[in-house]
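# Topology and contacts: notes
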Amino acid sequence: MISPVWHPYAHLKTQRPAPKVVGGEGPRFTLEGGETLLDATCSWWCMIHGYAHPRLVAAIREQAGELCHVMLGGLTHEPADRLARELVRVTPEGLNHVFYSDSGSVGMEVAMKMAVQYHQLRGRPGKHRLLSLMKAYHGDTAGCMAVCDPEEGMHSLFAGYLPRHHFAPAPTAPFDAEPEAVAADLAALREVLERHHREIAALLMEPLLQAAGGLNMTSPHYLRGARELCDEFDVLLVFDEVATGFGRTGRMFAADHAEVTPDIMVLSKGLTGGYLGHAATLATDRVHEAFVGDSPEHAFMHGPTFMGNPLACRVALESLAVFEEEDYPGKIAGLNRVLREELMDDKALAAHPAVADVRVLGATAVIEAYEAADLVGVADWARTQGIWLRPIGRWLYTMPAYITTEADMRRITDVMKGWFLAR
Ligand SMILES: Cc1ncc(COP(=O)(O)O)c(C=O)c1O
């Protein structure tokens with residue numbers, strides 16, 4: 001019988017039955033029938049500890065015996081309080097307030113509403129639009145679709161339905177660019193701010209790594225320059241660290257590479273080690289204080305049912321403890337070394353006529369092809385080699401679980417390279 005499950009991003013006419021996953025351990029999951037696949041994407045980049053991590057599973061079990069859920073409206077509980085304190089501790093200095101929600105998209109919706117209301121409460125109601133970057137991806141809800149790349153992004157069909165915001169060009173300087181090489185990117189950002197700052201509440205960005213929009217990597221100098229421009233133009237800076245947070249770029253947060261504190265920062269995916277859906281939107285004192293006042297408008301009118309879910313908070317605490325106690329920075333550095341050696345340093349790969357670029361940052365690597373057609377069939381072929389790969393358009397990438405061994409990392413890079421060089 002055909003399953004009634006409607007799959008994401010699937011073309012219903014051409015999709016094939018989805019393989020059924022029955023379990024998983026470490027960086028691999030197992031399909032019905034016994035086939036195991038090494039997951040090069042760690043399930044949309046969230047299963048940073050891999051599958052069935054004993055400490056994370058035990059934390060959920062233990063919490064389930066105490067309290068599975070309770071509303072955060074007017075109530076609190078130990079896991080929510082403790083996690084908020086931990087997030088304040090590990091995030092950049094100054095982010096002292098934590099608003100929970102249930103997914104990356106909703107975390108971003110919270111950030112955008114917070115930014116608009118912040119200016120409203122300061123007597124600047126005209127600042128009700130947002131500034132985003134081309135190549136951005138911030139989620140699939142309406143508010144998020146409106147700040148995704150409006151041309152090449154996947155939501156252009158909805159243009160008539162969405163609010164209109166402003167866009168600056170995507171940064172082009174690479175991660176290791178000198179400050180001078182970032183000047184043109186910052187000049188382009190300045191130009192949009194000069195023209196529209198009176199109606200811009202916040203600049204949103206995926207710091208250092210625009211993920212779903214094509215694994216576009218840029219320099220920490222761009223983050224520093226953006227911070228200065230936001231201060232100059234009275235615009236809040238929002239870092240969407242849904243994908244970059246918890247080690248993906250090689251530091252705990254992408255912001256750490258630049259030593260920049262955004263006004264608002266959004267975390268999800270790796271927050272719970274991927275074990276339960278949850279998100280946190282953090283804000284500085286400056287943002288929070290604007291909401292302290294006497295009028296009814298001072299309340300922040302948002303409150304998802306499952307915000308601060310005790311199971312999610314408890315597993316997030318365990319995820320963070322594992323990250324800190326088991327030398328994850330060291331593991332990520334090891335994966336980075338392999339990715340550089342195997343992909344960046346491979347001259348034959350760089351010279352292949354279908355390959356436009358090869359980039360690596362932290363535990364992320366991408367082979368950018370010139371055409372999406374160059375990657376047709378790669379997922380099926382990778383599966384025959386025991387690897388789960390799922391390219392985005394013309395970007396063949398890996399974002400593995402951090403517990404992936406260096407030998408397994410090489411199995412993944414061999415298949416990524418092999419698609420171009422060894423078939
Ligand atoms: C940078 C970024 N922001 C937001 C989201 C949306 O998160 P979610 O899928 O949990 O709604 C994603 C998801 O891939 C993302 O990569």
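Conventions we followed
- Residues numbered from 1 in each chain as written.
- Predicted model: local features only at pLDDT ≥ 70, side-chain atom pairs only at ≥ 80, totals over all residues.
- Pairing = 2+ DSSP bridges.
- Helix = DSSP H or I, 4+ residues; strand = E, 2+ residues; numbered from the N terminus.
- Axes fitted to C-alpha atoms, helices over the stretch in contact; angles between N-to-C directions.
- Core = buried A, V, L, I, M, F, W, Y, C linked by C-beta atoms within 7 Å.
- Buried ≥ 20, exposed ≤ 12 C-beta atoms within 10 Å, placed from the backbone.
- Domains from an automatic or database assignment.
- Contact = placed C-beta atoms within 7 Å.
- Expected span 1.5 Å × (residues − 1).
- UniProt positions renumbered as here; feature names shortened; annotations may be inferred.
- Parallel < 35°, antiparallel > 145°, perpendicular 65-115°, else oblique.
- Left-handed = near helix turned anticlockwise from the far one by under 90°.
- Nonpolar A, V, L, I, M, F, W, Y, C, P; charged D, E, K, R; others polar.

Moving on, we get to the sheet that holds strand E16 (residues 395-398). With antiparallel pairing, the three strands of this open sheet are ordered in space as E13-E14-E16. Two strands lie at the open edges of the sheet, namely strand E13 (355-361) and E16, each paired on one side alone. Ignoring strand direction, the axes of neighbouring strands in this sheet form an average angle of 10 degrees. Two strands pair when backbone bridges link them, and E13 and strand E14 (residues 364-369) are joined in this way by six bridges, in the antiparallel orientation. Residue pairing for E14: Val360 is matched across the bridge by Ala365.

Further remarks concern the nonpolar core. Ala115, Ala202, Leu203, Leu236, Val238, Ile264 and Leu396 are the most contacted members of the largest nonpolar core, which totals 131 residues. Residues lining this core come from more than one domain, with at least three contributed by each of domain 1 (58-324) and domain 2 (327-421). Beyond its immediate stretch of four places on either side in the chain, Val238 contacts Ala111, Ala115, Ala202, Leu203, Leu204, Pro262, Asp263 and Ile264.

What follows covers helix H11 (residues 328-344). Taking 1.5 Å of rise per residue, the 17 residues of H11 would be expected to cover 24 Å, and the 22 Å separating its terminal C-alpha atoms lies within 8% of that figure. The inward-facing, buried residues of H11 contact helix H10 (310-325), helix H12 (347-351), E13, E14 and helix H14 (406-421).

Quick look at the UniProt feature "modified residue: N6-(pyridoxal phosphate)lysine" (unreviewed entry) in the protein now. When the UniProt feature table is mapped to this numbering, "modified residue: N6-(pyridoxal phosphate)lysine" (unreviewed entry) covers Lys269. Considering the arrangement of structural elements, one finds Lys269 in the loop between strand E11 (264-267) and strand E12 (279-284). Judged by the 29 C-beta atoms lying within 10 Å of it, Lys269 falls in the buried class. Once residues lying within four places of it in the same chain are set aside, the contact partners of Lys269 are Trp45, Cys46, Gly104, Val242, Ala243 and Gly274.

With respect to the element layout, Ala146 can be found in the loop between helix H5 (142-145) and strand E6 (166-168). Setting aside anything within four residues of it in sequence, one finds Ala146 in contact with Leu162, Pro163 and His165.

Let's shift gears to H14. Taking 1.5 Å as the rise per residue, H14 with 16 residues should run 22 Å; its terminal C-alpha atoms sit 21 Å apart, in good agreement. Restricting attention to buried positions, one finds in H14 the residues Asp408, Met409, Ile412, Thr413, Val415, Met416, Lys417, Trp419 and Phe420.

Let us now look at the sheet that holds strand E15 (residues 387-388). Spatially, E1-E2-E3-E15 is the arrangement adopted by the four strands of the open sheet, whose pairing is mixed. Each edge of the sheet is formed by a strand with only one pairing partner; in this case those strands are strand E1 (21-25) and E15.

This part covers the packing of helix H2 (residues 54-66) against H10. Relative orientation and spacing of two packed helices are given, respectively, by the angle between their axes and the distance between those axes. Packing of H2 against H10 brings their axes to within 9 Å, and their N-to-C directions diverge by 150 degrees. Classified by the interaxial angle, the pair formed by H2 and H10 is roughly antiparallel. For the element pair H2 and H10, the recorded crossing hand is right-handed. Here Arg55, Leu56, Ala59, Ile60, Gln63 and Ala64 of H2 lie close against H10, whose contacting residues are Pro310, Leu311, Arg314, Val315, Glu318, Ser319 and Val322. Taken together, the residues that form the contact of H2 with H10 break down as eight nonpolar, two polar and three charged.

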